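Chain by chain, the residues run as shown.
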Amino acid sequence: MAVRIRLKRLGAKKAPFYRIVVADSRTSRNGKSIEEIGYYDPTKEPIVLNVDAEAANKWLANGAQPSETAKALLKKAGVIGE
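Attention here is on the structure that accompanies the text.

This part is about the overall build of the protein. Of regular secondary structure, the protein possesses two helices and five strands. The helix and strand sequence of the protein, counted from the amino end, reads β-β-β-β-α-β-α. Here the C-alpha radius of gyration of the protein, 12 Å, is about what a compact globule of 82 residues would show, namely 12 Å. C-alpha extents for the protein along the principal axes are approximately 35 × 30 × 20 Å. When the 82 residues of the protein are sorted by exposure, 34% land in the buried category. Sequence-distant contacts, at least 24 apart, represent 32% of the contacts inside the protein between residues at least 6 apart. About 5200 Å² of surface is accessible on the protein, with carbon and sulfur atoms providing 48% of the total. Averaging the coordinates of the 15 positive side-chain charges in the protein and doing the same for the 9 negative ones gives two points 9 Å apart.

In this section: the sheet that holds strand β2 (residues 15-24). Reading across the sheet, the five strands line up as β4-β3-β2-β1-β5 and stay open at both edges, with mixed pairing between neighbours. One side of each edge strand has no neighbouring strand; the edge strands of this open sheet are β4 (48-51) and β5 (65-66). Where strand β1 (residues 3-12) meets β2, ten bridges bridge the pair, whose relative direction is antiparallel. For Arg9, the partnering residue across the bridge sits in β2 and is Tyr18. On top of the sheet, helix α1 (residues 53-61) reaches β1, β2, β3 (35-41), β4 and β5; it is set at about 120° to β3, its chief contact.

Quick look at the side chain of Lys8 now. Note on placement: Lys8 falls in strand β1. A distance of 3.4 Å separates the side chain of Lys8 from the backbone oxygen of Gly31, its partner in a polar contact. Once residues lying within four places of it in the same chain are set aside, the contact partners of Lys8 are Phe17, Tyr18, Arg19, Val21, Arg29, Asn30, Gly31 and Ser33.

As a further point, take the pairing of β4. Of the strand pairs in this sheet, β3 and β4 are connected by four bridges, and their pairing is antiparallel. Directly across from Tyr40, in β4, lies its bridge partner Leu49. In sequence, β3 turns back onto β4 through a hairpin of six residues.

Conventions we followed
Each residue is numbered by its place in its chain's sequence as written, counting from 1. This being a predicted model, a pLDDT of at least 70 is required before a residue's local features are given, and a value of 80 or more before pairs of side-chain atoms are given or counted; all residues contribute to the totals for chains, interfaces and linings. Hydrogen atoms and water are omitted, and side-chain values are computed over all heavy atoms in the structure. Secondary structure counts use DSSP, requiring at least four H or I residues in a row for a helix and at least two E residues in a row for a strand, with both numbered from the N terminus. Restricting the calculation to C-alpha atoms gives the radius of gyration, and the globule rule supplies 2.2 Å times the number of residues raised to the power 0.38. In this scheme, a residue with accessible area under 20% of its type's maximum is buried, one over 50% is exposed, and one in between is partly exposed, where area comes from a 1.4 Å probe on protein chains only. Note on definitions: a residue-residue contact is assigned when non-hydrogen atoms from the two residues lie within 4.5 Å. With residues, only the protein chains shown are counted as cover, and all accessible areas are computed by Shrake-Rupley using a 1.4 Å probe. When charges are counted, Lys and Arg are positive and Asp and Glu negative, with His and the chain ends excluded. Think of each charge as sitting on NZ of Lys, CZ of Arg, CG of Asp or CD of Glu. Two strands pair if DSSP finds at least two bridges between them. Structural elements are reduced to axes, namely lines fitted to C-alpha atoms, with helices fitted over the stretch in contact, and the angle between N-to-C directions of any two is expressed from 0 to 180 degrees. Counted as a polar contact is a pair of N or O atoms within 3.5 Å, where, for protein atoms, one must be capable of donating a hydrogen and the other of accepting one, and residues adjacent in sequence contribute only when both atoms are in side chains.

Structure follows, in structure tokens:
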């Protein structure tokens, strides 16, 4: 099973809100997820970003691959370096 860390879109039309989730790569964008590790709200000023660093590091150590957007958000939250 290929596990990915990616975003799940919630919120109303033109008012997105995202959850950072760990999910099987074969599930749909808003499908069933294994675990929720944070959230991201780009509509607020400044943006709201909350990530459970311990859970994110656990999944990264177990081989979960972050999507490009999730990787950028994890960097911004200070969970991963580079």
